Amino acid sequence: MVQLYNLHPFGSQRVVPSKQEPALFCCGRDALLVACATGGCKVEAFNVGDKELCEPLGSFNTLGRVRRMAYSEAGDYLVTIEEKNKATFLRAYMNWRCMSTGNTRVCVRMVGHKVEESYSESSKVQMSIMEMPLSDPPLCISCCPVNGDLLVGCKNKLVLFCLKYLVINQDLTVLDFELSLILHIDNVTPTEVAFCARYIALTTELDVLILKLEPVQKDADNTELYADKAREPEKLVDEGVKDEVRSASSSSQLELDDFVICQKPVELLGKESRLCGILVTLESTGLAKEDTEYFQVRYLLFRRFTPDLSSFVFSVDEAKLHSVQLLPMYKTGNSTTANGKTAANKELLSIFCFFSLPHVGYLYMVGNLVELLSTYLYSERSEQAVLTPQFLHVITSNSLQCFTVRCSAAAAREEDPYIDTTMKACPPVSLDVCALRMQLFIGLKAICHFNNHVILLTKAVSEDITERRKPPRRVLSRKADSVKLKSPPESEAGWNLYIVNTISTIQLYKEMVEYSKTYENVRTESCIHLLSEAHLLIRAALMDPSLMESEEKEMLLAAFRESCARLGDCYSRFDTKDSHLALPYYKMSGLSITEVLKRMDSLVEGGTQKYEKGFIFYLNHSLYEDLNEELSKESAAKVLQIFSIAEPNQLPHVLCSPCMKNVCPLIAVEILQKVELIVPSVVLTLTKAAMALKMGNLEAYKNELDHYTEMRLAYGFVGEPGLLRQQREGCIVPTELAIHLGETQPGLLVASMLALHENSKMELAEADSYFEMLCEKNEDTTPQLLVDFWEALLVASPEREILEELLFRLISQYIWRLSRKRLPDTKSLKTTEDLINSCDHYGLIFPWVTVIMSLGPACDKYPEDLSKLQSLLCGPSVDVASVMPFLEPLSEDSCAGLSVHVLCTTRAGEYEKSIDKLLDKCPEALIPYAQHELKDENRALWWNKVLPELCKRTRYAGDNYSILISSLKETLSVVSLELELRDFLNVLPDDGTAAFFLPHLLQCSKRKLAT
């Protein structure tokens, strides 16, 4: 559907002072090139850069009558299809601008001719004409706007010439072409072609085919084999038509001219387009080199139309396709600076293809995804159309029509993945297009476009009777050579060549904004539609790669932000299904919450403020996000008033926003009390407590918390984490309530933070920085509250990944405090006994550890840290290998250090090493250690390690002699019960006192006799 508006995209117009009647014309940068009709062998050039004048730049003669012409900005050359003596030629005119200086020197050469020797210093100021011979007459041409390559359409094939830059010397570079590729297309004679960045679009009378040349790492034969695969599916489309033709010829003897045979309309997109039945075979030309590129063909789109049979009388001219174009769009903001000059980097983003029937036009986006963007319905028969990033200009016989396009909307989504999220927005591609203006002209014949200029050719003559005559009935086919175009008269009076200046983007944008205000309170959809069109107009202007940093760009950016703000206003104020778009548009506008609130104050209905869901959606998200903006006391009160009316249940969440720091707590409590009467909740009670604390009313604060148990309060914070933490400048900081809880109810705070972590409201790393900031500790010191949190989290049985991290943190912290003899900054919330009873990861402390600790001095300074460390090492979960590197600062000379070291070596399976440590440092604990640890497969260590070591050490009298003798006796008792008599004798020392060992031998012997 096309929306109709009466805007003024066209401004002033000028008449081109051409001395001869124009036949064809095209634009070259700042010049207009006009091929004359009378005589037909002359091209005039006019300056169109000046807004007021259109001065002639000069002229040059062509070698034949110009039938088609095209200009390439890359290379600044003009290419023509010329006719002379009933023969057709393809020629390129390079360095044609030197003709404006009066220089008549011309160089004519063949394509591919070696030019290095023939060019001299004088070649800089002479025009060069390049002949490009072809085996078949050229029918249509197209220059690639990206790199200047030339595509020529001939019967059953397309020929590709690559533009080359030949460096003759430091001061002279010459253009040349190289025949690089031929595309053979079976049974297709193109009427028009378009070429851009290896994308090819061609049309016949009623067919459109879009292809892409893709480079492959193959030789030429493999490339052709790829194309041959399309031969088999050809039957799928054409088979039905062929059957119909055979059936018609066999069932009726009427002549073929008595019927009009039309094929069925077809649209094939993407991979399906290979089923079109058109075979494309690639033929590489020239010798293979290392840098030779090989290509394969990818089919993107095939579409076949049928002529409009609603009228009994029709002609081919009123049914055939015209104005096929490929439009590139580039990424924004790409530029490089060299030698103080800024140049644009054209990085291709999207390709769009337009083609038109006389009464309807089609705009497609082509690329990885082929999609129909828009369909344009014309009010009358069109003659020609030109597509630009901002508009589609269409001429009929009596009017110039201007339509909006969706290229910028589609390209923006290709460039920015954040569009269509809560961060950014853009009007949809599916938005109905607009007809902005229908400017009356008499006898429009041709059109082209250049920057902000539309060039029109008009011929106001008496109507040609032959054109009005009923055409004969005929068979329509896609072969263009069956169409005999009517030759134009040699001379017609009343022609004019106009340059119509389009108004600036900013001026048209302002007109659209003003126009939208007429629909503001009547037709909201039309208001949003016009503002969306204005927004896309600015987007398209900003995507122009030639737009450098300038005052114009600053004006466009300001207009872009304003358009976003206006769209945000619409989606905020109007009750539409897309009201959520208020949020991204306001974000893109750069407006603060305070500025948006002031904009909303202008809307008053019946003396009361009405807030639609779009505005509430914007406020909700903006207040919850990480914003550095702090609302004033008045603005915060305004926000409370808005939510008390619109969404009172959201008030607790609103009050926790960092933006509401300056809110009056008294007003907040009054509003919350009214809400509590209707919808009471734990979150609301906690919010009231926070407001009471902010006022310094500790009694009211305590009364609020007394309404619920500590567990209910802890999970109440899950409903609104902002009561305990806020984000400022990317960091999580504790609130005033959290600081107070840390001082008065640390257990509730730790339980609440645990609940937040379990409900994925806070990560472990965030909790670390949170508690450090809460307790104002530096990086070297870990606050006890954080250790309490780790212990509570360990009790909660976390996942395996977090479990290993927690064990590592706790053990390293316990060891750090023990080694430096540091006391916790606060009392631990859980004792070792509490942890052993509630957590499987904390184990019962082994008896031999207790023996070691009983022999040393009292550890009054850090009993909890030591016992918790010992308990963890006695538990089943610790990976001792990760603990060993941290033991170095912990000395073995103390009972605490010895117990930890022996625990670690024992857990590591180094029992002999542990025995040596105990014998050296604490022999009293040897027997309890052995009784506890040397069991099952380790029992042999009693007689292989403990017994020999004790016998060895008792030979020498010392301070521990009595302890060693006692341990030796206990060891002999155990060994005598375990070994056979002979084995027992073998383990006894040879030089031992018989009287000492005899009782144990008798015990072993008696056990043997008893068994």
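Please read all numbers here as calculations on a predicted model, not as lab measurements. (Residues numbered from 1 in each chain as written. Predicted model: local features only at pLDDT ≥ 70, side-chain atom pairs only at ≥ 80, totals over all residues. Heavy atoms only, no water.)

The next point concerns the overall build of the chain. Along the chain, the regular secondary structure elements total 32 helices and 36 strands. A sequence separation of at least 24 residues applies to 65% of the contacts in the chain between residues at least 6 apart. For the chain, the exposed area adds up to about 48600 Å²; of that, 50% sits on carbon and sulfur atoms. (Helix = DSSP H or I, 4+ residues; strand = E, 2+ residues; numbered from the N terminus. Contact = heavy atoms within 4.5 Å. Areas by Shrake-Rupley, 256 points an atom, 1.4 Å probe, with all protein chains shown as cover.)

Turning to the pattern of salt bridges, a few remarks are in order. Per the counting criterion, the structure on display carries 40 salt bridges. Linking Lys 577 and Asp 578 is a salt bridge whose minimum nitrogen-to-oxygen distance equals 3.4 Å. Classification of Lys 577 as exposed rests on a relative accessible area of 72%. One connected set of salt bridges, linked through shared partners, spans Asp 916, Asp 920, Lys 945, Glu 949 and Arg 953. (Salt bridge = Lys/Arg side-chain N within 4 Å of Asp/Glu carboxyl O. Buried < 20%, exposed > 50% of the residue type's maximum accessible area, 1.4 Å probe, protein only.)

Quick look at the pairing of strand E21 (residues 294–304) now. Counted residue by residue, E21 has 11 buried out of 11 residues, so it is predominantly covered. Summarising the sheet, strand E18 (residues 207–216) and E21 pair through 10 bridges and their orientation is antiparallel. When the bridges of E21 are listed, Glu 214 appears paired with Gln 296. (Pairing = 2+ DSSP bridges.)

Taken together, the buried positions of helix H3 (residues 407–415) are occupied by Cys 407, Ser 408, Ala 409, Ala 410, Ala 411 and Ala 412. On its buried face, H3 is in contact with strand E22 (322–330), strand E25 (348–356), strand E26 (360–366), strand E27 (371–377) and helix H6 (524–542).

Next up on the list: the sheet that holds E26. If you walk across this open sheet you meet the four strands as E22-E25-E26-E27, and the pairing is antiparallel. For this open sheet the edge positions go to E22 and E27, each flanked by a neighbour on one side alone. Between one strand axis and the next, the sheet turns by 20° as a mean value, whatever way the strands run. Pairing between E25 and E26: six bridges, direction antiparallel. (Axes fitted to C-alpha atoms, helices over the stretch in contact; angles between N-to-C directions.)

As a further point, take the environment of Met 543. Relative to the helices and strands, Met 543 resides in the loop between H6 and helix H7 (551–573). Taking relative accessible area as the criterion, Met 543 reaches 6% and is therefore assigned buried. Separated by 212 residues in the primary sequence, Met 543 and Lys 331 place their C-alpha atoms 6.6 Å from one another. The contact partners of Met 543, leaving out residues within four places of it in the chain, are Met 329, Tyr 330, Thr 332, Leu 349, Ser 408, Ala 411, Ala 412 and Glu 415.

On to the environment of Ala 755. Mapped onto the elements, Ala 755 comes out in helix H18 (residues 746–758). The sequence separation of Ala 755 and Val 718 amounts to 37 residues, and the corresponding C-alpha distance is 6.6 Å.

We now examine the packing of aromatic side chains. Enumeration over the complete set of coordinates arrives at 23 aromatic pairs. Ring geometry for Tyr 77 and Phe 177: centres 5.1 Å apart, planes at 85°, overall edge-to-face. Of this pair, Tyr 77 sits in strand E8 (residues 77–84) while Phe 177 sits in strand E15 (residues 172–185), and the two are 100 residues apart along the sequence. Each member of the pair, Tyr 77 as well as Phe 177, carries the same accessibility label: buried. With 5.2 Å between their ring centres and 35° between their planes, Phe 305 and Tyr 362 make a pair best called tilted. Here the residue Phe 305 occupies a position in the loop between E21 and E22, and Tyr 362 occupies one in strand E26, the gap between them amounting to 57 residues. Note on Tyr 362: relative accessible area 10%, which makes it buried. One aromatic cluster is present, built from ring pairs that chain together Phe 305, Phe 355, Tyr 362 and Tyr 364. (Phe/Tyr/Trp six-rings, centres within 6.5 Å; stacked < 30°, edge-to-face > 60°.)

Moving on, we get to the packing of helix H27 (residues 911–921) against helix H29 (residues 941–953). Orientation of H27 relative to H29, taken along the N-to-C sense of each, is 25°, at an axis distance of 11 Å. Overall, the two elements H27 and H29 adopt an arrangement that is roughly parallel. Here H27 runs over H29; the crossing is right-handed. For the pair formed by H27 and H29, the contact residues are Tyr 911, Glu 912, Ile 915, Asp 916, Leu 919 and Asp 920 on the first element and Leu 941, Lys 945, Val 946, Glu 949, Leu 950 and Arg 953 on the second. Grouping the amino acids of the contact of H27 with H29 by side-chain chemistry returns six nonpolar, no polar and six charged. (Parallel < 35°, antiparallel > 145°, perpendicular 65-115°, else oblique. Left-handed = near helix turned anticlockwise from the far one by under 90°. Nonpolar A, V, L, I, M, F, W, Y, C, P; charged D, E, K, R; others polar.)

Counting residues in each nonpolar core, the largest one holds 102 residues, and the members touching the most others are Leu 749 and Phe 789. Once you skip the residues sitting within four places of it in the chain, Leu 749 turns out to touch Leu 724, Ala 738, Leu 741, Gly 742, Tyr 770, Phe 771, Leu 774 and Leu 785. Tyr 5, Leu 556, Cys 570 and Val 639 belong to the second-largest nonpolar core, a separate cluster that totals 78 residues. (Core = buried A, V, L, I, M, F, W, Y, C linked by side-chain atoms within 4.5 Å.)

Glancing now at the sheet that holds E8. The strand order across the open sheet formed by five strands is E7-E8-E9-E11-E10, and the pairing between neighbours is mixed. Every other strand in the sheet has two partners, leaving strand E7 (65–72) and strand E10 (106–110) as the edge strands with one partner each. Averaged over all pairs of adjacent strands, the angle between strand axes in this sheet comes to 25°, irrespective of strand direction. Sheet topology note: the E7/E8 ladder contains seven bridges and is antiparallel. Directly across from Val 66, in E8, lies its bridge partner Glu 82.

All right, on to a nonpolar patch on the surface then. A cluster of nonpolar side chains, namely Leu 677, Ile 678 and Val 679, defines an oily patch on the protein surface of about 370 Å² accessible area. Among the residues examined, Val 679 registers a relative accessible area of 46% and is labelled partly exposed. (Patch = residues over 30% accessible without salt bridge, like charges linked within 9 Å, V, L, I, M, F, W, Y side chains within 5 Å.)

What the rule picks out here adds up to zero disulfides. Between Cys 162, a free cysteine, and Cys 144, which holds the nearest cysteine sulfur, the sulfur-to-sulfur gap is 9.7 Å. No disulfide involves Cys 448; its nearest neighbouring cysteine sulfur is the one of Cys 27, lying 3.7 Å away. You can call Cys 448 buried: its relative accessible area is 10%. (Disulfide = S-S within 2.5 Å.)

To continue, consider the confidence of the model for the chain. Here the chain shows a mean pLDDT of 84. Residues at 70 or above account for 85%. Within the model, pLDDT remains below 50 along residues 222–254, and this stretch shows 38 contacts once partners closer than five positions in the same chain are excluded. Contacts for the low-pLDDT stretch residues 464–492, under 50 throughout, to residues beyond four places or in other chains number 55 contacts. (pLDDT = per-residue confidence, 0-100.)

This brings us to the pairing of strand E14 (residues 157–169). Judged from the five bridges that link them, strand E13 (residues 150–154) and E14 form a sheet pairing that is antiparallel. Along E14, the bridge assignment pairs Cys 154 with Lys 157. Counted along the chain from E13 to the antiparallel partner E14, the turn is two residues long, and its residue Asn 156 has a positive phi close to 65°. Counting the residues between successive antiparallel strands, the hairpin from E14 to E15 contains two residues.

Attention shifts here to helix H26 (residues 895–907). With 13 residues, H26 ought to run about 18 Å at 1.5 Å a step, and its terminal C-alpha atoms sit 18 Å apart, in line with that. For H26, a buried count of 12 out of 13 residues is recorded, marking the element as mostly surrounded by other parts of the structure. Among all positions of H26, only Cys 895, Ala 896, Gly 897, Leu 898, Ser 899, Val 900, His 901, Val 902, Leu 903, Cys 904, Thr 905 and Thr 906 are buried. Contact partners of the buried residues in H26: helix H23 (847–855), helix H24 (863–874), helix H25 (880–883), H27 and helix H28 (926–933). (Expected span 1.5 Å × (residues − 1).)

Further remarks concern the packing of H3 against H6. Running from N to C, H3 and H6 cross one another at 65°; their axes reach a closest spacing of 8 Å. For H3 against H6, the interelement crossing comes out left-handed. Facing Ser 408, Ala 409 and Ala 412 of H3, the residues of H6 in contact are Leu 536, Arg 539 and Ala 540. Looking at the contact of H3 with H6, its residues break down into four nonpolar, one polar and one charged.

Position of Ser 399 among the secondary structure elements: in strand E30 (residues 399–404). Reaching out from Ser 399, the side chain makes a polar contact with the side chain of Glu 380 at a distance of 3.3 Å. A polar atom in the side chain of Ser 399 sits 2.9 Å from the side chain of Thr 396. Apart from the residues within four sequence positions on either side, Ser 399 is in contact with Glu 380, Val 394, Gln 439, Leu 440, Phe 441 and Leu 444. (Polar contact = N/O pair within 3.5 Å; in protein donor to acceptor, adjacent residues only side chain to side chain.)

Below, the discussion takes up unusual backbone geometry. Even without a glycine there, the phi angle at Asp 76 is positive, about 50°. Positionally, Asp 76 belongs in the loop between E7 and E8. Given a relative accessible area of 13%, Asp 76 falls into the buried group. Here Lys 86, not a glycine, exhibits a phi torsion of approximately 65°, which is positive. Residue position: Lys 86 is located in the loop between E8 and strand E9 (87–94).

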